[in-house]
Amino acid sequence: MMSEFLAHKEAYNVAVVGATGAVGQTMLEVLAERNFPVANLVPLASSRSAGSKIEFKGQDYVVQDLEQFDPAGLDIALFSAGGGTSLQHAPRFAEAGCYVIDNSSAWRMHDDVCLVVPEVNLHALEMAKVNRIIANPNCSTIQMVVALKPLHDAVPIKRVIVSTYQAVSGAGSRAIQELAEQTRNLLSGIEAEVNVLPARIAFNVVPQIDVFMDDGYTKEERKMIDETRKIMEADIAVTATTVRVPVFYAHSESVNVTFEGPMSPDMARNLLADAEGVCVVDDPGTADYPMPSEAAGTDPVWVGRIREDKSCANSLSLWVVADNIRKGAALNAVQIAEKLICD
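Since the model is a prediction, treat every value here as computed from it, not as a measurement.

Chemist: Could you give an account of the packing of aromatic side chains, with specific residues and numbers?
Modeler: Applying the stated criterion across every chain yields a total of 5 aromatic pairs. Ring geometry for F69 and F93: centres 6.2 Å apart, planes at 35°, overall tilted. Placement of F69 in the loop between β5 (64-65) and β6 (76-79) and of F93 in helix α3 (residues 83-95) is noted, with a sequence separation of 24 residues between them. As far as burial versus exposure is concerned, F69 and F93 are alike and both buried. Of note, R132 hangs over the ring of Y99, and the distance from its end group to the ring centre comes to 4.5 Å. Looking at R222, its charged tip hangs above the ring of Y217, at a distance of 5.7 Å from the centre.

Written as structure tokens, this is what we have:
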């Protein structure tokens with residue numbers, strides 16, 4: 001596959017756009033952990049962060065101004081700097097011959113841009129040969145489709161009902177800080193200020209992620225619905241309710257799945273146990289199931305509470321947990337980059 005995308009080299013010139021943010025920092029960590037062959041690393045950010053330093057593999061690098069940077073000579077750019085930035089700069093990088101892997105929502109639903117989860121639809125990467133832009137899906141969508149794909153391949157899925165329990169890190173570093181500050185203040189008898197999220201998050205759950213749309217769904221819910229259908233390449237009926245919970249890292253999801261034919265819990269466990277990128281933790285006898293406190297900082301998609309939905313024929317309920325910053329963003333992007341250079 002490598003010869004089809006990037007010419008073989010011992011190492012590649014890689015840029016991380018948004019290198020000072022939470023996802024950008026994790027992208028750097030994952031590149032180092034997986035020993036991605038980086039010849040020259042270029043950390044990029046807005047003019048506000050330009051001149052600061054980041055560390056990669058024990059070496060300090062000066063963050064450069066994205067607006068002023070010439071992408072000529074780059075092989076791969078990992079973008080995590082917001083949709084507006086991606087719409088403005090991704091085409092510029094692609095025209096310079098660089099493959100762009102974009103973590104924002106800007107390109108996901110463009111018909112001529114592939115939306116890729118390597119464990120699910122790696123073949124879609126072929127589309128990137130045309131415009132060199134690759135979209136990284138929404139974090140909640142990624143972990144769900146990784147769990148659904150091996151089941152769908154065995155028995156086609158008709159419908160998915162998903163309710164999410166999403167960590168504040170999905171809203172950025174300021175939301176992490178807001179949860180910490182609100183918790184501290186409330187425990188000290190001080191009123192909690194709300195500045196980042198739609199409502200107080202400490203000791204609360206907020207059934208709104210992103211803005212509401214005309215049909216009553218939020219934009220986050222619409223992302224999960226549309227992206228799932230695009231990635232799975234199937235006419236699956238999907239409905240979603242996305243909820244912010246007072247957890248720092250790792251999203252959890254309650255997923256109810258209806259199949260076109262029988263799918264037993266044991267069959268699902270066996271399929272998922274053999275699936276790439278999935279770890280099954282499912283033993284009711286010992287109260288063993290995935291939790292965000294244990295999934296945070298790890299790479300797999302964790303699946304448990306696999307059980308028959310007795311209210312609906314050919315249906316199962318699953319509990320799916322993953323680190324939203326790693327598999328839900330940084331790791332998925334780096335896995336795509338690895339496929340671009342893979343034999």
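Chemist: Give me the lowdown on the sheet that holds β6, citing residues and values where you can.
Modeler: Paired through backbone hydrogen bonds, the strands of a sheet run either parallel or antiparallel to each other. Spatially, the 7 strands line up as an open sheet ordered β5-β2-β1-β6-β7-β9-β8, and their pairing is parallel. In the strand order of this sheet, the two ends are held by β5 and β8 (114-115), each with one partner. In this structure, β6 lies alongside strand β7 (residues 99-102), joined through 4 bridges in parallel fashion. When the sheet's bridge partners are listed, F79 is paired in β7 with D102. Against the sheet, helix α2 (residues 22-33) contacts β1 (12-17), β2 (38-45) and β6, and its axis sits at roughly 155° relative to β1. Against the sheet, α3 makes contact with β1, β2, β6, β7 and β9 (133-135), and its axis sits at roughly 175° relative to β6, the strand it touches most.

Chemist: Explain the state of the cysteines residue by residue, including any values.
Modeler: The full count for this structure, using the stated rule, is 0 disulfides. No disulfide involves C114; its nearest neighbouring cysteine sulfur is the one of C98, lying 14 Å away. The thiol of C279 is not disulfide-bonded; the next cysteine sulfur, from C139, is found 19 Å away. With relative accessibility at 28%, the residue C279 sits in the partly exposed group.

Basis of the calculations
- In this convention, every chain numbers its residues from 1, walking through the sequence in written order.
- Whole-chain, interface and lining totals are the exception, using all residues; otherwise, since this is a predicted model, local features are given only for residues with pLDDT of at least 70 and side-chain atom pairs are given and counted only at 80 or more.
- Note: side-chain values were computed over all heavy atoms of the structure, leaving out hydrogens and water.
- Any Phe, Tyr or Trp ring, taking Trp's six-membered ring, that has another such ring centre within 6.5 Å forms a pair; planes under 30 degrees apart are called stacked, those over 60 apart edge-to-face, and the others tilted.
- Per the convention used, a helix needs a DSSP run of H or I reaching at least four residues, while a strand needs a run of E reaching at least two, with both numbered from the N terminus.
- Exposure classes here rest on a 1.4 Å probe applied to the protein chains alone. A residue is buried below 20% of its type maximum, exposed above 50%, and partly exposed in between.
- Definition used: whenever NZ (Lys) or CZ (Arg) falls within 6 Å of the ring centre and also within 35 degrees of the ring normal, the charge is taken to sit over that ring.
- Strand pairing requires that DSSP identify at least two bridges connecting the strands.
- Should any heavy atoms of two residues lie within 4.5 Å, those residues are considered in contact.
- The axes are straight lines fitted to the C-alpha atoms, using for helices just the contacting stretch, and the angles between their N-to-C directions are given from 0 to 180°.
- Only a pair of cysteine sulfur atoms within 2.5 Å qualifies as a disulfide here.

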